[in-house]
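# Descriptive structure summary
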Amino acid sequence: MGKVIIDMTMSIDGFIAGPEDGPKNGLGKRDGTHLHDWLFNGTAPNRHNSFFKPKNASRQVVNQMFETAGALIYGRRTYDITRGWKGSHPIPQLPIFILTHHPPEKVPVGNSTFVFVKDGIASAVSQAKKAAGKKDVLIGGGSACQQALKEGLVDELFLHVANRVMGKGVLLFENSGAYFGSLKRVSCEAAPDVTHLRYKVE
């Protein structure tokens, strides 16, 4: 059985998007898109998906993401902001579980399979773990991450801390209600523009 991992890029001060994020301004104002520069500022395309061009230590981080991910979980807001990734998430061929009370009538067609979960985060995690088998379940998006933290469903935090201070925007840990005390650091990989920190929830 794989692990349930919150896999998120954030600023040094804990923001995962700038203010006023939405479908027309995906990662918000204050140059929120630059939080993810580490995925694209190299010259060599990633062997799994040429959309990504990480460099230095970030290359292996992205390779590992493709090789170990078995299912994804997001909230409905992330789905709407990305317009359902136009049917094709950058990590292809994976089932994507979307938390929502009202599934959309139309779903974009592409290389991703969407499962809309109406009965909460615990159900989404359970279904995603079953679909992922021996691989990991990755959770993204502020709301889904906060709900999983609150319910104690997370095995690891994999945080990609970009060299930016946002000051305002969407906080990863806001209102989660989770308290873990001390975490066990599993790894720390530093690249010039981002630090990849993996923690085990004990």
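Just above, that's the structure.
Residues numbered from 1 in each chain as written. Predicted model: local features only at pLDDT ≥ 70, side-chain atom pairs only at ≥ 80, totals over all residues. Heavy atoms only, no water.

Across the seven residues that make up strand S3 (residues 69-75), a large majority, seven, are buried. Here four bridges tie S3 to strand S6 (residues 136-139), and the two strands are oriented parallel to one another. Each bridged residue has a counterpart across the sheet, and for isoleucine 73 the counterpart in S6 is isoleucine 139. Inspection of the sheet shows S3 paired to strand S4 (residues 95-99) by four bridges, in the parallel sense. What sits directly across from glycine 75, in S4, is leucine 99. The β-α-β motif built from S3, the intervening helix H2 (residues 76-81) and the parallel element S4 has right-handed crossover chirality. (Buried < 20%, exposed > 50% of the residue type's maximum accessible area, 1.4 Å probe, protein only. Helix = DSSP H or I, 4+ residues; strand = E, 2+ residues; numbered from the N terminus. Pairing = 2+ DSSP bridges. Right-handed = clockwise from strand over helix to strand, strands pointing away.)

Going through the model one piece at a time under the given rule, you end up with six salt bridges. Among the ionic pairs, aspartate 80 bridges to arginine 76, the shortest N-O distance being 2.9 Å. Residue aspartate 80 and its partner arginine 76 are both found in helix H2; the two are separated by four residues, about one turn of the helix. Salt bridges here are not isolated pairs; linked through shared partners, they connect Lys3, Glu156 and Arg198. (Salt bridge = Lys/Arg side-chain N within 4 Å of Asp/Glu carboxyl O.)

So, about the sheet that holds strand S1 (residues 4-10). The strand order S5-S4-S3-S6-S1-S7-S10-S9 describes an open sheet built from eight strands, whose pairing is mixed. On the outer flanks of this sheet lie strand S5 (113-117) and strand S9 (184-191), each paired with one strand and no other. Neighbour-to-neighbour, the strand axes of the sheet open up by a mean angle of 20 degrees, direction not taken into account. With seven bridges connecting them, strand S7 (residues 156-162) and strand S10 (residues 194-200) associate as antiparallel partners. Counted as the bridge partner of histidine 160 is histidine 196 from S10. (Axes fitted to C-alpha atoms, helices over the stretch in contact; angles between N-to-C directions.)

The space that makes up the largest pocket amounts to roughly 1200 Å³. Put simply, the parts of the chain that give the lining of the largest pocket at least two residues each are S1, strand S2 (15-17), helix H1 (58-68), S3, H2, S6 and helix H4 (142-150). Its residues placed into classes, the lining of the largest pocket shows 21 nonpolar, 15 polar and six charged. (1 Å grid on protein atoms, 1.4 Å probe; cavity = no way out; pocket = protein on both sides within 12 Å on 5 of 7 lines; lining within 4 Å. Points joined across faces, edges and corners; volume = space filled by probe spheres on them. Nonpolar A, V, L, I, M, F, W, Y, C, P; charged D, E, K, R; others polar.)

Spatial relationships are all this shows, so hold off on functional conclusions.
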